[in-house]
Amino acid sequence: MNNGTFTEKHTFSITDFIAQTPIELVAQNLGISIAEAQQLPTQESYFASGPVPDDSTLDATERSTTGLTSMHRYPLMAQDPKRVPGGGTERVASARLFPISTNMTGAIIEIQPGALREMHWHPNTDEWQYYISGTARMAIFLGKGELIEDQFEAGDVGYVPEGAGHYIYNNGTEVCRILVGFNNGQHETIDLTKWISSTPDDVLATNLEINREQVNQLPQRHWFIAPAPLQ
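Throughout what follows, the structure given in this document is the object of discussion. (Residues numbered from 1 in each chain as written. Predicted model: local features only at pLDDT ≥ 70, side-chain atom pairs only at ≥ 80, totals over all residues. Heavy atoms only, no water.)

### Observations regarding a nonpolar patch on the surface
Here comes step 1: On the surface, Trp128, Tyr130, Ile132, Val157, Tyr159 and Leu179 cluster together to form a nonpolar patch covering roughly 540 Å² of accessible area.
Here comes step 2: Among the elements of the structure, β5 (127-133) and β8 (157-160) are those that each provide at least two residues to the nonpolar patch.
Here comes step 3: Broken down by element, the nonpolar patch gets its largest block of residues, three residues, from β5. (Patch = residues over 30% accessible without salt bridge, like charges linked within 9 Å, V, L, I, M, F, W, Y side chains within 5 Å. Areas by Shrake-Rupley, 256 points an atom, 1.4 Å probe, with all protein chains shown as cover. Salt bridge = Lys/Arg side-chain N within 4 Å of Asp/Glu carboxyl O. Helix = DSSP H or I, 4+ residues; strand = E, 2+ residues; numbered from the N terminus.)

Dropping the structure here:
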């Protein structure tokens, strides 16, 4: 791991990440009510006893690409963005689209007011954020029950260590626009809904301590950005 500060305390647990995140954001991220979110584990579930899982999974859909590039130039804003209606957009320049960028990835993300860049983590890269406009709450989950949350505004820089869970919640009244950098040209992202929608139901029921009916209420597709809840 390319991180000299990484220690055992950064060991990642999804149930602990959920337990430490404000309940209203968990509900928004999972598209369930606060009452339903309150039934999820309130602490880390390290070993969970349950039935042997089956092999059925859902494959993530690969994003479309654009060929508008050259050796040293990539027109990022010409890219068809990854878009969530009412949630926001993301444009990414990685080595896959911009081959010369072997050691870094750049992105522009826009989050609508009240929307949540969902709970996620990067298993192979650190993340830097430069807040161009708007405001947001960004939280980092470091493991062992440690969640650090700060308020960010235009001109601020945020940092997330490799493997740490995090989310960005736009608690302002305007679009939050962020320039994001990763120190890996082939960065990987695991979003909470991506993990949920590609994990067998029996594994979810066991680890989240809920029944099959409740599992069916969880997201069945990858959201990426959760729009603001309906008023």
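Further notes follow.
### Digging into helix α2 (residues 23-30)
Here comes step 1: Most of α2 is tucked away, with six of its eight residues classed as buried.
Here comes step 2: Those residues of α2 lying buried are Leu25, Val26, Ala27, Gln28, Asn29 and Leu30.
Here comes step 3: Positive phi appears at Gly31, one or two residues downstream of α2, with a value of about 70°. (Buried < 20%, exposed > 50% of the residue type's maximum accessible area, 1.4 Å probe, protein only.)

### Overview of the environment of Thr206
Here comes step 1: Tracing the chain through its elements places Thr206 in helix α5 (residues 201-208).
Here comes step 2: Here Asp202 takes part through its backbone oxygen, which lies 2.9 Å from a polar atom of the side chain of Thr206. (Polar contact = N/O pair within 3.5 Å; in protein donor to acceptor, adjacent residues only side chain to side chain.)

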